[in-house]
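Next come the chains, spelled out residue by residue.
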Amino acid sequence: MREMMMMMTWKWVIRVIVVTVISVGIIPLKVKGNTEGDALYTLRRSLSDPDNVLQSWDPTLVNPCTWFHITCNQDNRVTRVDLGNSNLSGHLVPELGKLEHLQYLELYKNNIQGTIPAELGNLKSLISLDLYNNNISGTIPPSLGKLKFLVFLRLNDNRLTGPVPRELTGISSLKVVDVSNNDLCGTIPTSGPFEHIPLNNFENNPRLEGPELLGLASYDTNCS
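To keep things clear, this report deals only with the structure shown in the data block. Everything numeric in this text was worked out from a predicted model, so none of it was measured.

1. Examining the pattern of salt bridges
Moving on, step 1. All told, the structure shown has five salt bridges when counted by the stated rule.
Moving on, step 2. Between Glu-36 and Arg-77 there is a salt bridge, and its shortest N-O distance comes to 3.4 Å. You can see Glu-36 sitting in helix 2 (residues 35-46) and its partner Arg-77 sitting in the loop between strand 2 (70-72) and strand 3 (78-82), a full 41 residues away along the chain.
Moving on, step 3. Here Arg-77 ties to Glu-100 by a salt bridge, and the two come within 3.7 Å at their closest N and O atoms. One end of the pair, Arg-77, is in the loop between strand 2 and strand 3; the other, Glu-100, is in the loop between strand 4 (89-91) and strand 5 (104-106), and 23 residues separate them in sequence.
Moving on, step 4. Among the residues examined, Arg-77 registers a relative accessible area of 28% and is labelled partly exposed.
Moving on, step 5. Judged by its relative accessible area of 32%, Glu-100 is partly exposed.
Moving on, step 6. A cluster of three or more residues bridged by salt bridges with shared partners is formed by Glu-36, Arg-77 and Glu-100.

And the structure:
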């Protein structure tokens, strides 16, 4: 009986020590339920970072608002990711679509490869999507047409293919579109915000024709 009581006492002491050590932060625990931090850390794992610009992206912190190159609002929700010209390579991840308060996604002038995730269309607060001067391939996702607050869409100087999605013509807030220096096909949109986009923002796409004549030709001509 005495030995059993001593064993229970030691178990209680050990539990107290463990709880105390964790509570003072000696053993960092990843805070569960931080969707934005998890999404950004997934991006970090998908990128090669020779200059260690992502070194501060510590998944054990309460939220990512103290990480370099991240800006949050007063509610500690991520509103900006500023990683332009950071010598990063790798690919984008669909988890970025979980940053529902994100307004600026700045990843220009890197060596990002792969495709643009369709999940970026879930970024309902996005104002600026800057992915220019990378090595991105695939098509421009039609889901970007859901970004009703988008003002700046700069995808120039990549390896994008396919047509310019007509879903983009429904974004009334869109002021700047640049898709030059890709391999897009079809015709240049002329309706909605595209009425005021300069033609040189579409140049150096050998298979892209236009501007389109509505009703006279399919917008995805030359895409087969």
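2. A short note on the sheet that holds strand 6 (residues 111-113)
Backbone-to-backbone hydrogen bonds pair the strands of a sheet. The strands run either parallel or antiparallel.
Moving on, step 1. Read from one edge to the other, the open sheet built from three strands follows the order 1-4-6, with strand pairing classed as mixed. The sheet is open, and its two edges are formed by strand 1 (47-48) and strand 6, each paired on a single side.
Moving on, step 2. Relative to strand 6, strand 4 runs parallel, the two being bridged by three bridges. Looking at the pairing, His-91 lines up with Gln-113 of strand 6.

3. Comments concerning the state of the cysteines
Moving on, step 1. Under the definition given, this model contains two disulfides.
Moving on, step 2. Each sulfur of the disulfide joining Cys-65 and Cys-72 lies 2.1 Å from the other. The chirality of the disulfide connecting Cys-65 with Cys-72 is left-handed, given an S-S dihedral of about -95°.
Moving on, step 3. The residue that forms a disulfide with Cys-185 is Cys-223, at a sulfur-sulfur distance of 2.0 Å. Classification of the bridge connecting Cys-185 and Cys-223 rests on its S-S torsion, roughly 110°, and on that basis the disulfide is right-handed. With Cys-185 in strand 12 (residues 183-187) and Cys-223 in the segment after strand 13 (207-209), this residue pair connects regions lying 38 residues apart in the sequence.
Moving on, step 4. For Cys-223, a relative accessible area of 25% puts it in the partly exposed group.
Moving on, step 5. When the cysteines of the chain that form disulfides are numbered from the N-terminus onward, they connect as 1-2, 3-4.

How each quantity is defined
- Residues numbered from 1 in each chain as written.
- Predicted model: local features only at pLDDT ≥ 70, side-chain atom pairs only at ≥ 80, totals over all residues.
- Heavy atoms only, no water.
- Salt bridge = Lys/Arg side-chain N within 4 Å of Asp/Glu carboxyl O.
- Helix = DSSP H or I, 4+ residues; strand = E, 2+ residues; numbered from the N terminus.
- Buried < 20%, exposed > 50% of the residue type's maximum accessible area, 1.4 Å probe, protein only.
- Pairing = 2+ DSSP bridges.
- Disulfide = S-S within 2.5 Å.

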